[in-house]
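# Summary of the model geometry
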Amino acid sequence: MARSSLTREEVLDTAAALVKLHGPQALTMRALAAELGTAVTSIYWHVGNRESLLDALVERTVQEMGTLRPAGRTPAARIVSVARGLRRELRARPHLIAMVHERGLTERMFLPAQQALVQEVHAAGLRGVRAAAAVRAVQFQTVGFLLVERNRERSPVQCPGEGDLWAASTADDDPALARALARPAAPDRLFTDSVRALVKGLLSDPVQQGLRGGSGIQERETAE
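Let me sum up the structure you'll find in this document. What you see is a predicted model; the values in this text were computed from it and never measured.

### A few points about the overall build of the protein
Along the backbone of the protein there are 13 helices and zero strands. Each helix and strand of the protein, ordered N terminal to C terminal, gives the series α-α-α-α-α-α-α-α-α-α-α-α-α. The buried share of the protein, reckoned over its 224 residues, is 33%. Counting only contacts in the protein whose residues sit at least 6 apart along the sequence, the fraction spanning at least 24 positions is 68%.

Shown next, in the form of structure tokens:
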């Protein structure tokens, strides 16, 4: 028996759940109607046709990605929290993110996270080109890490695996390193550690960087 009442939000929630679990190809109006216990015509009434439904899902995903809020006592800690939140949200909805990308809205989707990062790099004293470079470095680190992570998860079982390949002889006589590399990576910890190290370098004093012999972003800007 078809339901007597239905809301647009219920339709979008159920459609998003189908896409998250099975991908966009699983989202048909008939499948959605079956999940909701209603008639296909009722779905059309609330969201239009399938393309309109996909557009609505993409728009909602873009809005959801704008809810990231920094946490922490220092700009560095808050930048790391934004990166961790961004990775978490991207991992939670890969099929929906792919739909956003296909519709050319990726840059708009990332804008809120970039704006949050801008506030924190400004709070840390970075301005202009250095601030822009820091924002992009954190964004690229997050997205790049996620892509590698997803590819590793989808790859076939490796034989030999890391545990078979690493020994003291292949680790330049560093048995502790060999044991560590033979163990499976801990992605959450590795991501946090890598972003913290990146942020520490990005926020370091450019004067001190110059004293250490680095060319620095400001010098590159002048050269360009």
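Still more to cover.
### Topic: helix α6 (residues 94-102)
When α6 is considered as a whole, its buried residues turn out to be Leu96, Ile97, Met99 and Val100. Taken end-on, α6 shows its buried residues confined to a sector of 155°, consistent with a single buried face. For α6, exposure combined with an orientation more than 90 degrees from the buried face picks out His101 and Glu102. Following α6 by one or two positions, glycine 104 adopts a phi angle in the positive range, close to 70°.

### Structural notes on the environment of alanine 83
Inspection of the secondary structure puts alanine 83 in helix α5 (residues 75-92). Residue alanine 83 is classed as buried on the basis of its relative accessible area, which comes to 1%. Measuring from C-alpha to C-alpha, the distance between alanine 83 and alanine 113 comes to 8.3 Å, with 30 residues separating the pair along the chain. Setting aside anything within four residues of it in sequence, one finds alanine 83 in contact with Val138, Thr142, Phe191 and Val195.

### Remarks on the pattern of salt bridges
Here the idea is simple: oppositely charged side chains can pair when their charged atoms come close. Under the definition given, this model contains 17 salt bridges. Here glutamate 64 ties to arginine 93 by a salt bridge, and the two come within 3.2 Å at their closest N and O atoms. In this pair, glutamate 64 is assigned in helix α4 (residues 50-64) and arginine 93 in the loop between α5 and α6, connecting sequence segments 29 residues apart. Relative accessible area serves as the criterion here: at 27%, glutamate 64 is assigned to the partly exposed category. Since its relative accessible area comes to 7%, arginine 93 is described here as buried. For the salt bridge of glutamate 89 with arginine 88, the shortest nitrogen-to-oxygen distance reads 3.9 Å. Glutamate 89 sits in the buried class, given a relative accessible area of 18%. Within this structure, Glu9, Asp13, Arg60, Glu64, Arg88, Glu89 and Arg93 form a network of salt bridges that share partners.

### Description of unusual backbone geometry
Here the bond from cysteine 159 into proline 160 is cis, since omega is 5°, no more than 30 degrees from zero. Note that proline 160 resides in the loop between α8 (128-154) and α9 (162-165). In the Ramachandran plot, aspartate 172 falls in the positive-phi region, its phi being about 55° despite a non-glycine side chain. Note on placement: aspartate 172 falls in the loop between α9 and α10 (175-182). When its relative accessible area of 70% is taken as the criterion, aspartate 172 is described as exposed. A positive phi angle, close to 55°, is found at aspartate 173, a residue other than glycine. You can see aspartate 173 is positioned in the loop between α9 and α10. Aspartate 173 gets classed as exposed once you look at its relative accessible area, which sits at 66%.

### What to know about empty space enclosed by the protein
Any empty space left between atoms is shown by rolling a water-sized probe over those atoms. Summed over all chains, the structure comprises one cavity of 30 Å³ or more. Here the largest cavity defines a volume of roughly 50 Å³. If you go around the largest cavity, the residues you meet are Val82, Ala83, Leu86, Phe110, Ala113, Gln114, Leu117, Val138, Gln139 and Thr142. Taken together, the elements giving at least two residues each to the lining of the largest cavity come down to α5, α7 (106-123) and α8.

### Considerations on the side chain of serine 81
Tracing the backbone shows serine 81 in helix α5. A polar contact of 2.9 Å, which involves the side chain of serine 81, links it to the backbone nitrogen of alanine 71. At 2.7 Å, the side chain of serine 81 forms a polar contact with the backbone oxygen of arginine 78. With residues up to four places along the chain from it excluded, the contact list for serine 81 reads Pro70 and Ala71.

Analysis parameters
Residues numbered from 1 in each chain as written. Predicted model: local features only at pLDDT ≥ 70, side-chain atom pairs only at ≥ 80, totals over all residues. Heavy atoms only, no water. Helix = DSSP H or I, 4+ residues; strand = E, 2+ residues; numbered from the N terminus. Buried < 20%, exposed > 50% of the residue type's maximum accessible area, 1.4 Å probe, protein only. Contact = heavy atoms within 4.5 Å. Arc of directions from axis to C-beta. Salt bridge = Lys/Arg side-chain N within 4 Å of Asp/Glu carboxyl O. 1 Å grid on protein atoms, 1.4 Å probe; cavity = no way out; pocket = protein on both sides within 12 Å on 5 of 7 lines; lining within 4 Å. Points joined across faces, edges and corners; volume = space filled by probe spheres on them. Polar contact = N/O pair within 3.5 Å; in protein donor to acceptor, adjacent residues only side chain to side chain.

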